Amino acid sequence: MQNDYLFNVRYLFQTIRWSGVFAIACLLSTGAHGAEETDTLRILCYNIHYGQGNDGKYDVERLAKVIERTKPDLVALQEVDVGVKRSGRVHEAQRLAELTGMAVRFGPTQHYEGGLFGNAVLTRLPILDVMIQPLPYTESTPKLVTYPRAAIAVTVRGPGDKPLKFISTHFQHNVPEDRVAEAKAINKHFATSDNIPTILAGDMNAKPDSEPIKILLKQWTNAIDKAASPSAPSTKPRSRIDYIFYRTASRFEMVKSEVIAEPMASDHCPVFAILKLKQK
C-alpha cells in the first residue's frame, strides 16, 4: 500500500494552484436550486466514464439528460475529468452542474493528461462542509497499472434542516486486496458516529457477495433491489458493482431501488434509489 498518498494529495493541490486550474472541491460554487421540504431523498450513483459514451463520443450534455431524468437530490459521480486532454479540456464537473442546475463539489484523485481526474457530488441541498479522504491503494508499476483512490464527503442541510452526509467513492478496479482495504477505510472514516445520517454511493468494483461488500455491510445497509440487478457493462449488464448504501438503518426507509437501463451515455448504468429519512 502507498503510505505517502496524503503527501501526494497536498502536492496535487499545490500544483492545481500553480497551474491555474481551480477545480478543487471547496472552490466549486455553482448555485443549486432549492429543494422542496421533504423527508424523501432521490439518490443517483453514476460512473460517467470521463464523459465518453459507448459510441466513442464525449458528450456531457447527454450525461446531464440521463441525470435529470431521475430528478435527483444527490448524485455521486465517478471517473470525472476536469481539464483533461482526452475529453477536450472540458470541466466536466462544472458543466454538469450548469446543465442540471445543481451545486457541485469535485474531489480530484490524480493528475491526468494535463488535468485532473476523480469523484464528484452534485446536490440540490445547501452545502455545509466538504472533505476529501484518501483511501489505501497499491502504487502503479509498468506491469500493473493502478490509480489513486479517495472519497469525497459532502455534508448538506437535509430534511428538517439537519445535517446529512453524502459520500462518492470509487474502489480499485484490478487489485482485490485494495478493495478490501478501501472498504475497511470507508468504515473507519465514515462509520464511527451515528450522529449524522450518511449515504455512501460509488463504483465499488465488487459483486454483492464479495469480501469488500461484506465488510461494508458490517456498518452499512445496501439500498439494492431484490434481484441485485447488474449495472455494468451498460450495453449488456452482467455484474452489479455500483451501489448506494446508508447508515444507520434505523434512520432510513428504502422506498425504491433500481438500475436504470441506459446503454449509451457511459459504460456503467446509473443506480437510483429513493430513501426516506425518518425524523427523530
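Residues numbered from 1 in each chain as written. Predicted model: local features only at pLDDT ≥ 70, side-chain atom pairs only at ≥ 80, totals over all residues. Heavy atoms only, no water.

Could you give an account of the pattern of salt bridges, naming the residues involved and the relevant values?
This structure, assessed with the given rule, holds eight salt bridges. The partner of D55 in a salt bridge is R62, with the nearest N and O atoms 2.8 Å apart. Note on D55: relative accessible area 36%, which makes it partly exposed. Across the pair E98 and R95 runs a salt bridge, and its minimum N-O distance is 3.2 Å. With E98 and R95 both in helix α3 (residues 92–100) and three residues apart, the pair spans about one turn of that helix. Residue E98 is classed as partly exposed on the basis of its relative accessible area, which comes to 45%. Within this structure, E61, R95 and E98 form a network of salt bridges that share partners. (Salt bridge = Lys/Arg side-chain N within 4 Å of Asp/Glu carboxyl O. Buried < 20%, exposed > 50% of the residue type's maximum accessible area, 1.4 Å probe, protein only. Helix = DSSP H or I, 4+ residues; strand = E, 2+ residues; numbered from the N terminus.)

Any details on the packing of aromatic side chains? Residues and values, ideally.
Considering all chains together, one arrives at three aromatic pairs under this definition. Centroid distance Y246 to F252: 5.3 Å. Interplanar angle 55 degrees. Geometry classified as tilted. A relative accessible area of 3% means that F252 is categorised as buried. Across from the ring centre of Y50, 3.5 Å away, lies the NZ or CZ of R86, which sits over that ring. For R247, the ring lying beneath its charged end belongs to W220, and the centroid distance is 5.8 Å. (Phe/Tyr/Trp six-rings, centres within 6.5 Å; stacked < 30°, edge-to-face > 60°. Lys NZ or Arg CZ within 6 Å of the ring centre and 35° of its normal.)

Can you break down the nonpolar core residue by residue, with the values?
Ranked by size, the top nonpolar core spans 25 residues in total, and within it Y46, I67, L77, L96 and L122 carry the most contacts. Elements supplying a minimum of two residues to this core: β1 (40–47), α2 (60–69), β2 (74–82), α3, β3 (103–112), β4 (115–123) and β12 (271–277). No other element matches α2, which puts five residues into this core. Those residues in contact with L96 that lie beyond four places of it in its chain are I48, V60, L63, A64, I67, L77 and L122. In this structure, V121, L125, V154 and A273 belong to the second largest nonpolar core, which totals 24 residues. (Core = buried A, V, L, I, M, F, W, Y, C linked by side-chain atoms within 4.5 Å. Contact = heavy atoms within 4.5 Å.)

Kindly report on helix α4 (residues 176–190), identifying the contributing residues and their values.
Helical periodicity: at 3.6 residues per turn, an α-helix aligns residues three or four positions apart in one direction. For α4, spanning 15 residues, the distance from its first C-alpha to its last is 21 Å, which sits close to the expected 21 Å at 1.5 Å a residue. Turning to α4, its buried residues are D178, R179, A181, E182, A183, A185, I186, N187 and F190. (Expected span 1.5 Å × (residues − 1).)

I'd like a rundown of the packing of α2 against α3, residues and numbers included.
Here α2 crosses α3 at 50 degrees, and the two axes come no closer than 9 Å. The orientation of α2 with respect to α3, classified from their angle, is oblique. Regarding α2 and α3, the two cross each other, and that crossing is right-handed. In this structure, α2 contributes V60, E61, L63, A64, I67 and E68 to the contact, and α3 contributes E92, R95, L96, L99 and T100. Split by residue class, the contact of α2 with α3 holds six nonpolar, one polar and four charged. (Axes fitted to C-alpha atoms, helices over the stretch in contact; angles between N-to-C directions. Parallel < 35°, antiparallel > 145°, perpendicular 65-115°, else oblique. Left-handed = near helix turned anticlockwise from the far one by under 90°. Nonpolar A, V, L, I, M, F, W, Y, C, P; charged D, E, K, R; others polar.)

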